[in-house]
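# Coordinate analysis (summary)
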Amino acid sequence: ALQHRGVILTEDRLLALHAYLPVATRFANCWKLLYNPSVHGISLRTFYRQCRNWPGETLMLVEDTNGFVFGGFASHTWRAHCKLHYGSPECFVFT
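All of the points below concern the structure found in this document. (Residues numbered from 1 in each chain as written. Predicted model: local features only at pLDDT ≥ 70, side-chain atom pairs only at ≥ 80, totals over all residues. Heavy atoms only, no water.)

### A word on the overall build of the protein
Within the protein, the secondary structure is distributed over four helices and three strands. Its helices and strands taken in sequence order, the protein reads α-α-α-α-β-β-β from the N to the C terminus. Expected size for 95 residues packed as a compact globule is a radius of gyration near 12 Å; at 14 Å, the protein falls within 12% of this value. With respect to the three principal axes, the spread of C-alpha positions in the protein is 35 × 35 × 25 Å. Residues classed as buried in the protein amount to 24% of the 95 residues present. Contacts spanning at least 24 positions in sequence make up 40% of the contacts within the protein whose residues lie at least 6 apart. (Helix = DSSP H or I, 4+ residues; strand = E, 2+ residues; numbered from the N terminus. Rg over C-alpha atoms; globule rule 2.2 N^0.38 Å. Buried < 20%, exposed > 50% of the residue type's maximum accessible area, 1.4 Å probe, protein only. Contact = heavy atoms within 4.5 Å.)

### Considering the sheet that holds strand 3 (residues 92-94)
Think of a sheet as strands paired side by side through backbone hydrogen bonds, with each pair either parallel or antiparallel. The strand order across the open sheet formed by three strands is 1-2-3, and the pairing between neighbours is antiparallel. Two strands bound the open sheet, and with one partner strand each, they are strand 1 (58-63) and strand 3. With strand direction ignored, the average angle separating the axes of adjacent strands in the sheet is 10 degrees. (Pairing = 2+ DSSP bridges. Axes fitted to C-alpha atoms, helices over the stretch in contact; angles between N-to-C directions.)

### Description of the pairing of strand 1
Here strand 1 runs beside strand 2 (residues 69-74); their pairing, made up of six bridges, is antiparallel. Considered in strand 2, the bridge of Thr58 is made with Ala74.

### A few points about the environment of Leu15
Secondary-structure assignment places Leu15 in helix 1 (residues 11-18). With relative accessibility at 61%, the residue Leu15 sits in the exposed group. In the structure, Leu15 is positioned 42 residues away from Glu57 in sequence and 18 Å away in space, judged by C-alpha atoms.

### Some thoughts on the pairing of strand 2
Within strand 2, five of the six residues are buried, which leaves the element mostly enclosed by the surrounding structure. Hairpin connection, strand 1 to strand 2: the antiparallel pair is bridged by five residues, and Gly67 has positive phi, about 90 degrees. The pairing of strand 2 with strand 3 spans three bridges and is antiparallel. Within the sheet, the bridge partner assigned to Phe73 lies in strand 3 and is Phe92.

Have a look at this one:
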């Protein structure tokens, strides 16, 4: 099992992603943690519920068991029952 290792969205990581984020997102002065398995439990259903409760753009960061961080930016609220691709050209993934 993964141990809680601390903050994944560090200032350095945010600075590295800064240029890729949409302009309005770049200047956000407050970030909200929507989902963390250590806090909310390991549940995709809970992830989607949290996203519904706080709709809008999402910056997702994932740390694997080897400590590597990857993720992506979603321009629209995550939806569990969508069979089509959605989002804007601002969406991206990173390693």
